[in-house]
Amino acid sequence: MSIFSRIAEQKIAEAIERGELDHLPGAGKPLVIEDLSHVPEDLRASYKILKNSGYLPPELELQQECVSLEQMIQLCQTAEDKEQWIKKLTEKQIKLRIMLEKRGISHNPSLQAYEERIRSKLVDD
């Protein structure tokens with residue numbers, strides 16, 4: 001252990017003894033460990049900084065929208081409403097896959113032909 005590590009550990013222990021760390025936000029709660037495995041390694045630090053500032057990358061916003069749409073589908077009471085929400089969800093999922101593909105993140109290859117047809121329609125419109 002280096003001299004700096006020992007000094008840091010000593011200062012932390014002294015602060016704990018004085019109770020200076022008792023009222024920190026999240027005290028007594030488990031740590032939330034974020035899974036950034038879907039984010040390319042060279043972008044993880046940037047994403048973390050942006051997240052801490054309140055910004056969400058577009059693909060994460062789309063993922064959140066997909067989750068909300070899935071919840072809406074579960075709450076639908078009529079087949080017509082459910083069909084409309086499913087169409088919106090499918091649209092968002094395709095946009096998300098396209099976005100992830102551009103970033104070099106793989107997706108389900110069995111959907112590739114279907115996505116190509118949808119992509120061509122989206123581009124033509």
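Everything numeric in this text was worked out from a predicted model, so none of it was measured.

Each helix and strand in the protein was counted, giving five helices and zero strands. Written out in order from the N terminus, the α and β elements of the protein read α-α-α-α-α. Here the protein holds 125 residues, and the buried ones make up 15% of them. For the protein, contacts bridging at least 24 residues in sequence account for 37% of all contacts bridging at least 6. Entry remark: accessible area of the protein is about 10200 Å², with carbon and sulfur atoms responsible for 56%.

Before going further, it helps to spend a moment on helix H3 (residues 58-75). Since the α-helix packs 3.6 residues into each turn, any two residues three or four apart lie on the same face. Its 18 residues place the ends of H3 26 Å apart at the C-alpha level, agreeing with the 26 Å of an ideal helix rising 1.5 Å per residue. Every buried residue of H3 is listed here: Glu-59, Leu-60, Leu-62, Cys-66, Leu-69 and Ile-73. The secondary structure elements touched by the buried residues of H3 are helix H2 (44-52) and helix H4 (79-102).

Under the definition given, this model contains three salt bridges. Here Lys-87 ties to Glu-83 by a salt bridge, and the two come within 3.7 Å at their closest N and O atoms. Here the residue Lys-87 and the residue Glu-83 both occupy positions in helix H4, the gap between them amounting to four residues, near one helical turn.

Quick look at the packing of aromatic side chains now. What the rule picks out here adds up to zero aromatic pairs. The positively charged end of Lys-88 is found above the aromatic ring belonging to Trp-85, 4.6 Å away from the centroid.

It is worth spelling out the packing of H3 against H4 at this point. As a packed pair, H3 and H4 sit with axes 9 Å apart at the nearest point and diverge in direction by 160 degrees. Considering the angle they form, H3 stands roughly antiparallel to H4. Pair H3 / H4 crosses with left-handed handedness. In this structure, H3 uses Pro-58, Glu-59, Leu-62, Gln-63, Glu-65, Cys-66, Leu-69, Glu-70, Met-72 and Ile-73 to contact H4, whose residues at the interface are Lys-82, Trp-85, Ile-86, Lys-88, Leu-89, Lys-92, Gln-93, Lys-95, Leu-96, Met-99 and Leu-100. Classifying every residue of the contact of H3 with H4 gives 12 nonpolar, two polar and seven charged.

For the rest of this paragraph, the subject is the side chain of Glu-59. Mapped onto the elements, Glu-59 comes out in helix H3. Residue Glu-59 is classed as buried on the basis of its relative accessible area of 5%. Setting aside chain neighbours within four positions, we find Glu-59 in contact with Tyr-47, Leu-96, Met-99, Leu-100 and Arg-103.

A cluster of nonpolar side chains, Ile-12, Ile-16, Leu-21 and Leu-24, forms an exposed patch at the surface whose accessible area comes to about 340 Å². Along the chain, the position of Ile-12 falls in helix H1 (residues 3-18). The class of Ile-12 is partly exposed, set by a relative accessible area of 40%.

Conventions used here
Residues numbered from 1 in each chain as written. Predicted model: local features only at pLDDT ≥ 70, side-chain atom pairs only at ≥ 80, totals over all residues. Heavy atoms only, no water. Helix = DSSP H or I, 4+ residues; strand = E, 2+ residues; numbered from the N terminus. Buried < 20%, exposed > 50% of the residue type's maximum accessible area, 1.4 Å probe, protein only. Contact = heavy atoms within 4.5 Å. Areas by Shrake-Rupley, 256 points an atom, 1.4 Å probe, with all protein chains shown as cover. Expected span 1.5 Å × (residues − 1). Salt bridge = Lys/Arg side-chain N within 4 Å of Asp/Glu carboxyl O. Phe/Tyr/Trp six-rings, centres within 6.5 Å; stacked < 30°, edge-to-face > 60°. Lys NZ or Arg CZ within 6 Å of the ring centre and 35° of its normal. Axes fitted to C-alpha atoms, helices over the stretch in contact; angles between N-to-C directions. Parallel < 35°, antiparallel > 145°, perpendicular 65-115°, else oblique. Left-handed = near helix turned anticlockwise from the far one by under 90°. Nonpolar A, V, L, I, M, F, W, Y, C, P; charged D, E, K, R; others polar. Patch = residues over 30% accessible without salt bridge, like charges linked within 9 Å, V, L, I, M, F, W, Y side chains within 5 Å.

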